[in-house]
Every structure is written in structure tokens, then in C-alpha cells.
Amino acid sequence: MLLQTVVLALGAASVGQAANSWIVPGAAWMSTSNTKIDAHGGMVYEQGDTFYWVGQSASHNEQAYMYTSTNLLDWTPASNPKNSIQYMWRPKVAKPNGSWWIYGQVDRNVQAMKATTIDGSYVLSGGKVTLPPSGYTYSDTGMFRDDADQTWYLLTSADHNTVQINRINADGTVGDRVNYLAKGAYEAPGMLKVNGIYYLIVSGKTGWRSNPNQVFWTDKLVGGSWNGPVGIAPEAEKTYNSQNTFELTVTGSKKTTYIYMGDSWDSKGGPDSNYVWLPITVDTSGKKLTLEYHAQWKIDVATGEVQVPSVKRRYEAEHATLEGRAAVARCEHCLNKRGVQKLHEGVVSFANVTGLGGPQWVQFHYRVPPSSDAEAWVSVNDGPAVNISSLNHRAGYHSVVPVQLDLIEGSENTISFGTNGGEGIVLDGIEVVED
Ligand SMILES: *[C@@H]1O[C@H](CO)[C@@H](O)[C@H](O)[C@H]1NC(C)=O
Ligand SMILES: *[C@@H]1O[C@H](CO)[C@@H](O)[C@H](O)[C@H]1NC(C)=O
Ligand SMILES: *[C@@H]1O[C@H](CO)[C@@H](O)[C@H](O)[C@H]1NC(C)=O
């Protein structure tokens, strides 16, 4: 992170373009209607040029909500809710035979509903069912479509610690169990297939608290045995404070990119929950998956390529205006080996910050000591102080925390930063993203 290229000089052409759409793991993700995207435990389905994101709405009693996008970055609400059924957890969409189906967990059973268009109104199809062959109840729903036989598979974490894979029949009913994983207490299944190998990602069972998610693999979906588990991220990261929900494959003209979609739950799976999406690096010979961490990234859905911000203006904390007891100090990990500390008794203000006019991503480079529960806050143009953790759940967990701030056009913005408690926080600087 310290060696990143920072572009200080800007071509005139880039100023004024308000692209600024990014995938920011842990951050509050706003829709094109300026509402917080509310589709947790969900999945994304690609049809033609459009991506459909379905998930449970935490602020509407867990009804299935949908958003559409053509670039995986800007999402528009799609006439929500999709059905009046409430408390349907982890809805997943499939198209077994011409019609659209959503499957989710209701009262620890599978409930299916059906529509004639993917973003239409769904009607309940049959009652709640337990799963063949055992009649087990279960908690989480996942979805996978095998390109080999165009068949859809419902993944579930059944009770009795069984992750089941059931074929979805052409008539939409849940069919035979073709495989299952009985290697421990796992839930939140999702799957991807690379070079004929099926990778099953699951999380541990720790409620709304994150844990190190794991991957198992097999070369035969129907009846094959599972190898694993292997972690998909450094164990201490707890999957970057998230839980798996789905794996999305984006096949571009230059490369295929696999995307881990996780939920960054709040303490009770409520409306403050966010999302952690990251590209997955696949080691095909070692049969390992690793999440590729980026504080902020995007994908070009045409080429499949991943990009990170390249046009940023950086402002060093040691050159900013310091108030109270905030003081410049030597800092080994900081860009110029200098940062600002004692922020629990002072404030750093960056004056004359250039904005494009409107919401813009600003990356805060600061570290919170592991034992500290301190919060950092930000205030823009003398507005109210907002805790950074309420804008991005990665606050305190990563040294680069992007948040979206409303900046005025021109070079007269003031961004202030301080902390609530915690002596050890060191602010290195901020970077305002312009591409
Ligand atoms: C699949 O769809 C076709 C066309 O709508 C229909 O005729 C057929 O009955 C469906 N198959 C099943 C098993 O539902
Ligand atoms: C901000 O810019 C104005 C106009 O160029 C200048 O007078 C002022 O000193 C600058 N403030 C800071 C804190 O650099
Ligand atoms: C910000 O965080 C501090 C420390 O955790 C907390 O006391 C305060 O209530 C928070 N402020 C808001 C607006 O949530």
C-alpha cells in the first residue's frame, strides 16, 4: 500500500468528469436514486448487457429487493419489492426453464417464487418445502449454474452441519441432492467453476460476526468428494470482516474475473450492513482461491479487467493545519516517514482541497492500533462530524479507508479529521480520487 503510484499532476481533461463509481469493500453503497443499496445475502445475475442484483432488504422485513446495472458499479432500484413475502433470507435467482425463480429461506424451509421476467413481480410457487432427500431444515441459500449442462443447483446449509447441493428441476421444484459437504459447521455457501474444478466457498457459523471463510474443491459436482478446507484470506482478516453470499464470474474480452460477493453485517444483520466484493485470484495448479484485497476497485465488464484509482490528489497530514495538541511525529509506515498523532486531543484540517463538485471518494490513510477501539471522524466544510466507521466498515481494520464525501467544485474544500479516544492513531494523509 505504501508504494502506490500517486498522480499529483492532472490533465485538464480528467477534471470535471464525475465518474467516481467504484466498488468499495465495506463502504455504504448508494444507488443511482441516492438510497443505500439494500440487497443483503444476495447474488448477481447477468442477462444480456444488464446485471441484476437480488437480495434481502434489511429495512423492509427481509423482502426480496432488486437493483440493475450495466457496469456493476451504478445500481438502480428495480420496482421493489419483488413480492410481499417477508423474512425470506438470502434470496437467489435462477432460470431453470424459461421462467424466473427466486428461492430463499423462510422459516428454515425453502420457499420458491416465480415470474415471467427477471425484474417482474414474483408469485409464490407452492409452499415451503424441506429439502430432498433428508427433509432437513436449513438456514442459508446459495445458487450455482453449471455451464457444462446448463443446470441450476440450489446450495443450502442444512441443519446437522450439512451443506447440500440440490438440482433444480425444469419445473422449478427442488430436486435430487447431488452432493453434500459434511466436514464441519459451515454455512453461507457459494460456488465457482474454473478449468473444470468446482470451488465451494463457505463461512463458519458465528452468527453476524465474521470468520475466516474457507474453500473446498472437487472435480465432480455430482457425487465427487471434497478437498479442503483452505482459507481464502489471511485468517486474522476474518474474510475482511465479511461473510460469503455468492461468486460472480465476469467473462470479458481480455480476461475472466471471479468476484467474491460478501456481506459486511452490522451487529444484527440490519440496515447498517454493507458489502465486501473483491476479485478472486485462482491458483489453478494448487487449487486455491485468494481474495485480492483492494480498498477501492472497479471492473471493466467489457474486458473483464480490474482497475484501481490512478488519478488521485494527495494531501499530507504533516502539511495540514493542526489544532489543539495534534502534532507531527516520525512514523515508519507513513509515506514521508511523517504523520500526525495525538488526534484525540486535536484536529487536522486539510484546507484548499480540490473537489469536482458532488459526491467524491476520499481515501483516509491512517492506522488504528489493534487494541484500540477508537473511532475517527471526518467533517467537510464545517459540516457535522461523522464517524468514518458509519461510512465504511473497514475503518480501523485497514490503513486505507475510502469514504464518499460531498465536495464543492474548485479548490476551497476543507476536510477535518479527528478521533474519539485512542492515543495511538496516526494519520498519514488523504487522497482525493478523481477518476
Ligand atoms: C419447460 O418450458 C417449456 C416451454 O415453456 C414447457 O413447454 C415445458 O413444459 C417446461 N418443462 C417443464 C418440466 O416444466
Ligand atoms: C488557501 O488558498 C488561499 C488562496 O490561494 C490562500 O490564501 C490560503 O493561504 C490557503 N490556505 C491554506 C491553509 O493553505
Ligand atoms: C462516534 O463514535 C464515538 C466513539 O465510539 C461514539 O461515542 C459516538 O456516539 C459516535 N457518534 C455517532 C454520531 O455515532
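Throughout this description, residue numbers start from 1 for each chain and increase along the sequence as written. All chains are assigned letters beginning with A, and all ligands numbers beginning with 1, in the order in which they are written. Local features in a predicted model are, by the rule used here, given only for residues with pLDDT of at least 70; side-chain atom pairs are given and counted only at 80 or more, and totals for whole chains, interfaces and linings are based on all residues. Side-chain measures were taken over the full set of non-hydrogen atoms in the model, leaving aside hydrogen atoms and water.

Visitor: What is the right way to look at the overall build of the protein in this model?
Guide: Helical segments are the DSSP runs of H or I of at least four residues, strand segments are the runs of E of at least two, and each set is numbered from the N terminus. A tally of helices and strands in the protein yields 1 helix and 33 strands. For the protein, the C-alpha radius of gyration of 23 Å lies close to 22 Å, the compact-globule estimate for 435 residues. Three labels apply to residues, based on accessible area from a 1.4 Å probe with only protein chains included: buried if under 20% of the type maximum, exposed if over 50%, partly exposed otherwise in between. Across the 435 residues of the protein, 55% fall into the buried class. Here, two residues are considered to be in contact whenever any of their heavy atoms come within 4.5 Å of each other. Counted over contacts in the protein with a minimum sequence separation of 6, partners at least 24 positions apart contribute 57%. Just so you have it, the protein exposes about 17500 Å², and 48% of that area is on carbon and sulfur atoms. Within the protein, one finds 33 positive and 42 negative side-chain charges whose respective centroids are separated by 6 Å. Note on method: radius of gyration uses C-alpha positions; expected globular size equals 2.2 Å times residues raised to 0.38. The Shrake-Rupley method, run with a 1.4 Å probe, gives the accessible areas here. Residue values count only the displayed protein chains as cover. Charge counting follows a simple rule: Lys and Arg are positive, Asp and Glu are negative, and His as well as the terminal groups are ignored. Throughout, a charge is located at the NZ atom of Lys, the CZ atom of Arg, the CG atom of Asp or the CD atom of Glu.

Visitor: Just checking my understanding: could you explain the site of ligand 3 for this structure?
Guide: Proximity is defined per residue: if any heavy atom of the residue lies within 4 Å of a molecule or strand, that residue is considered near it. As a matter of local geometry, ligand 3 sits amid Glu375, Asn387 and Asn420. Each polar contact in these results corresponds to two N or O atoms within 3.5 Å; when the atoms are within protein, one needs to be able to donate a hydrogen and the other to accept it, and residues that are neighboring in sequence are counted only if both atoms are side-chain atoms. One of the side-chain nitrogen or oxygen atoms of Asn387 is found 2.5 Å away from an oxygen atom of ligand 3. A distance of 3.4 Å separates an oxygen atom of ligand 3 from a polar atom in the side chain of Asn420. If ligand 3 stood free it would expose 360 Å²; the protein chains cover 32% of that surface.

Visitor: Is there a simple way to think about the nonpolar core in this case?
Guide: Throughout, nonpolar core names a set of buried Ala, Val, Leu, Ile, Met, Phe, Trp, Tyr and Cys residues whose side chains join them through atoms within 4.5 Å. Counting residues in each nonpolar core, the largest one holds 68 residues, and the members touching the most others are Trp53, Trp75, Tyr103 and Trp277. Residue contacts for Trp277: discarding those within four places in its chain leaves Ile23, Pro25, Trp29, Val44, Trp53, Leu72, Trp75, Ile259, Tyr260, Met261, Gly262 and Trp297. Judged by nonpolar contacts, the second largest core, of 29 residues, contains Ala326, Val362, Leu407 and Phe417.

Visitor: Can you walk me through the packing of aromatic side chains in this structure?
Guide: Ring pairs are drawn from Phe, Tyr and Trp, using the six-membered ring of Trp, whenever the two centres fall within 6.5 Å, and their geometry is named by plane angle: stacked under 30 degrees, edge-to-face over 60, tilted for the rest. Applying the stated rule across the entire model yields 18 aromatic pairs. With centroids separated by 4.8 Å and ring planes inclined at 75°, the aromatic side chains of Trp29 and Trp277 adopt a geometry described as edge-to-face. With Trp29 in the segment before strand E1 (40-47) and Trp277 in strand E19 (residues 274-283), this residue pair connects regions lying 248 residues apart in the sequence. Since its relative accessible area comes to 8%, Trp29 is described here as buried. With a centroid separation of 5.2 Å and an interplanar angle of 65°, the aromatic rings of Tyr366 and Phe417 are classed as edge-to-face. One end of the pair, Tyr366, is in strand E28 (residues 358-367); the other, Phe417, is in strand E32 (residues 410-420), with 51 residues separating them in the sequence. Look at Tyr366 and you get buried, because its relative accessible area is 2%. Accessibility expressed as a relative area gives 0% for Phe417, which makes it buried. Charge-over-ring placement is defined geometrically: NZ (Lys) or CZ (Arg) within 6 Å of the ring centre, and within 35 degrees of the ring normal. We note Arg177 situated over the ring of Tyr180; from NZ or CZ to the ring centre the distance is 4.1 Å. A cation over an aromatic ring shows up here: Lys298 above the ring of Trp22, its NZ or CZ 4.1 Å from the ring centre.

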